[in-house]
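What the coordinates show
Chain by chain, the residues:
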Amino acid sequence: MEDKKMRIRVNLQIFIFLIIFYLTKQMEVYSILMLFAIVHELGHLICGILMGLRVNTMQIMPFGVSVYFEDYSHTYLYKKIIIAIAGPLTNFIIVLIGGYLEWSEIVIYSNVLIGAFNLIPIYPLDGGRILKYIIGIKQTKQYAEDIVHRISNILIIFLTAISSIGVMLLHNIAIVIILVYLWVMVISENKKYRLKKRVYGVMKYNVQE
């Protein structure tokens, strides 16, 4: 059997973010967020490996690293839930350890931000994945995708309104960048969702025929 090698890809958007944070003199903040976003993803990675999964691809993203496992679509839902929780849990463990050892506030706040941000139930963030998998335990995959799709679109609009207020009060460009990044993810997932809906519709039509 051929031994597949893990692939590493770089999302070119990262260079745009690097330039923006450099020009706005927030490279230190970005570097710290990137560091603990990578630690966050290591939580997913280690948890997946412990559950017997093999890494297929690692992609360097503007806010961390995304890990893709082989045959993940065939993995039991309870395993997917645990793997999704492992990332934010890693950040919150660092918060507890850092608080006990009196680490710097930026380390504590960065991990709180990354852990909480990823638990927002917007797909494909960890919170969206967890919600989808939990619903999928009792309902069909299509139903779970429908619910998560609606929640994701409602929340992104709500977060945009809240973030707009935050930008006016704090004058922090980082909020705008993160919000744009969220919108890009949601729009991309919406396109995939519409494609899946058409596929489900064709399959249903063929079954009826």
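Criteria and thresholds
- Every chain is numbered on its own, with residues counted from 1 as its sequence reads.
- Per-residue local features of the predicted model are confined to residues with pLDDT of at least 70, and side-chain atom pairs are confined, for both listing and counting, to 80 or more; whole-chain, interface and lining totals are unaffected and use all residues.
- In computing side-chain values, all of the structure's heavy atoms are included and hydrogens and water are not.
- Note on scores: pLDDT gives the predictor's confidence for each residue, bounded by 0 and 100.
- The contact criterion used is simple: two residues touch if any of their non-hydrogen atoms lie within 4.5 Å.
- Remark: nonpolar core denotes a set of buried residues (Ala, Val, Leu, Ile, Met, Phe, Trp, Tyr, Cys) joined through side-chain atoms within 4.5 Å.
- To sort residues, take the accessible area from a 1.4 Å probe on protein chains only and compare it with the maximum for the residue type: under 20% means buried, over 50% means exposed, and anything in between is partly exposed.
- Elements are defined by DSSP. Helices are runs of H or I of four residues or more, strands are runs of E of two residues or more, and each kind is numbered from the N terminus.
- Given a helix with a known number of residues, its expected span is that number minus one, times 1.5 Å.

**Observations concerning the confidence of the model for the protein chain**
- Here the protein chain shows a mean pLDDT of 83. Residues at 70 or above account for 85%.
- Low pLDDT (under 50) marks residues 205-209, which in the prediction has 0 contacts with non-local residues, meaning those over four places away or in another chain.

**Focus on the nonpolar core**
- In terms of nonpolar packing, the biggest core is built from 13 residues, with Val 55, Val 67, Phe 69, Tyr 72 and Ile 83 touching the most fellow members.
- Residue assignment for this core shows that the elements contributing at least two residues are α2 (27-50), β2 (55-61), β3 (64-69) and α3 (77-100).
- Met 61, Ile 120, Ile 122 and Ile 156 belong to the second-largest nonpolar core, a separate cluster that totals 11 residues.

**Description of helix α5 (residues 126-138)**
- With 13 residues, α5 ought to run about 18 Å at 1.5 Å a step, and its terminal C-alpha atoms sit 19 Å apart, in line with that.
- For α5, the full list of buried residues reads Asp 126, Gly 127, Gly 128, Ile 130, Lys 132, Tyr 133, Ile 135 and Gly 136.

**Notes on unusual backbone geometry**
- In this structure, Pro 124 follows Tyr 123 across a cis peptide bond, with omega equal to 15°.
- Mapped onto the secondary structure, Pro 124 falls in the loop between α4 (105-118) and α5.
- We note that Asp 71 has phi near 55°; this positive angle belongs to a residue other than glycine.
- Inspection of the secondary structure puts Asp 71 in the loop between β3 and α3.
- What makes Asp 71 exposed here is its relative accessible area of 58%.
- Backbone geometry places Glu 102, a non-glycine residue, at a positive phi of 60°.
- Mapped onto the secondary structure, Glu 102 falls in the loop between α3 and α4.
- The exposure class assigned to Glu 102 is exposed, which follows from its relative accessible area of 70%.

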